[in-house]
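Listed below are the residues making up each chain.
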Amino acid sequence: MARPVTRPVTLKDGYYLEVRHRGEQRGIKIRRDTKEQMNAAIKQYEICYDVKKIGKVEKGEIVNS
């Protein structure tokens, strides 16, 4: 069994999207460096998955969504 996380998760700077299987409650967050890369990833993943655009993250905080 693994140990539980002891510190809060901090997000790196970049653009984030959440990808999950259709009908699932939780997914994974994917980070890209630029907005163009994020839009390309959305087109790639939306074929098989539900994709939710999170937006830009700076200094661990979501700037826009």
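Quick look at the structure, then.

Definitions and limits used
- Residues numbered from 1 in each chain as written.
- Predicted model: local features only at pLDDT ≥ 70, side-chain atom pairs only at ≥ 80, totals over all residues.
- Heavy atoms only, no water.
- Helix = DSSP H or I, 4+ residues; strand = E, 2+ residues; numbered from the N terminus.
- Buried < 20%, exposed > 50% of the residue type's maximum accessible area, 1.4 Å probe, protein only.
- Contact = heavy atoms within 4.5 Å.
- Areas by Shrake-Rupley, 256 points an atom, 1.4 Å probe, with all protein chains shown as cover.
- Lys, Arg positive; Asp, Glu negative; His and termini not counted.
- Charge placed at Lys NZ, Arg CZ, Asp CG, Glu CD.
- Core = buried A, V, L, I, M, F, W, Y, C linked by side-chain atoms within 4.5 Å.
- Pairing = 2+ DSSP bridges.
- Axes fitted to C-alpha atoms, helices over the stretch in contact; angles between N-to-C directions.
- Salt bridge = Lys/Arg side-chain N within 4 Å of Asp/Glu carboxyl O.

### Some remarks on the overall build of the protein
Looking only at helices and strands, the protein features one helix and four strands. Its helices and strands in sequence order give the protein the pattern β-β-α-β-β, from N to C terminus. Taking the principal axes of the C-alpha coordinates as reference, the protein spans close to 35 × 30 × 15 Å. Evaluated residue by residue, the protein yields a buried proportion of 20% over its 65 residues. Excluding contacts between residues fewer than 6 apart, the proportion of contacts in the protein whose partners are at least 24 apart in sequence is 48%. Counting only carbon and sulfur atoms, one obtains 48% of the accessible surface of the protein, whose full area is about 5,700 Å². The average position of the 15 basic charges and that of the 9 acidic charges among the side chains of the protein differ by 3 Å.

### Observations regarding the nonpolar core
Soluble globular proteins tend to bury their nonpolar side chains together. Residues Y15, L17, V19, I30, M38, A41 and I42 constitute the largest nonpolar core, which totals seven residues. Only β1 (14-20) and α1 (35-45) provide two or more residues apiece to this core. Filtering out sequence-adjacent residues up to four positions away, L17 remains in contact with I28, K29, I30, M38, A41, I42, Y45, V51, K52, K53 and I54.

### Quick word on the sheet that holds β1
Pairing is antiparallel across the open sheet formed by four strands, whose spatial order is β2-β1-β3-β4. Pairing within the sheet leaves two strands with one partner each, and these edge strands are β2 (28-32) and β4 (61-64). Neighbouring strand axes in the sheet, compared pairwise and without regard to direction, differ in orientation by 45 degrees on average. Of the strand pairs in this sheet, β1 and β2 are connected by five bridges, and their pairing is antiparallel. Residue pairing for β2: Y15 is matched across the bridge by R32. Relative to β1, α1 is tilted by about 10 degrees, and along the sheet it contacts β1, β2 and β3 (50-58).

### Let's talk about the side chain of E18
For E18, the position within the fold is in strand β1. The side chain of E18 is buried and forms no salt bridge, while R20, the nearest opposite charge, is found at 4.3 Å. Excluding anything up to four places from it in sequence, E18 contacts G27, I28, K29, D50, V51, K52 and I54.

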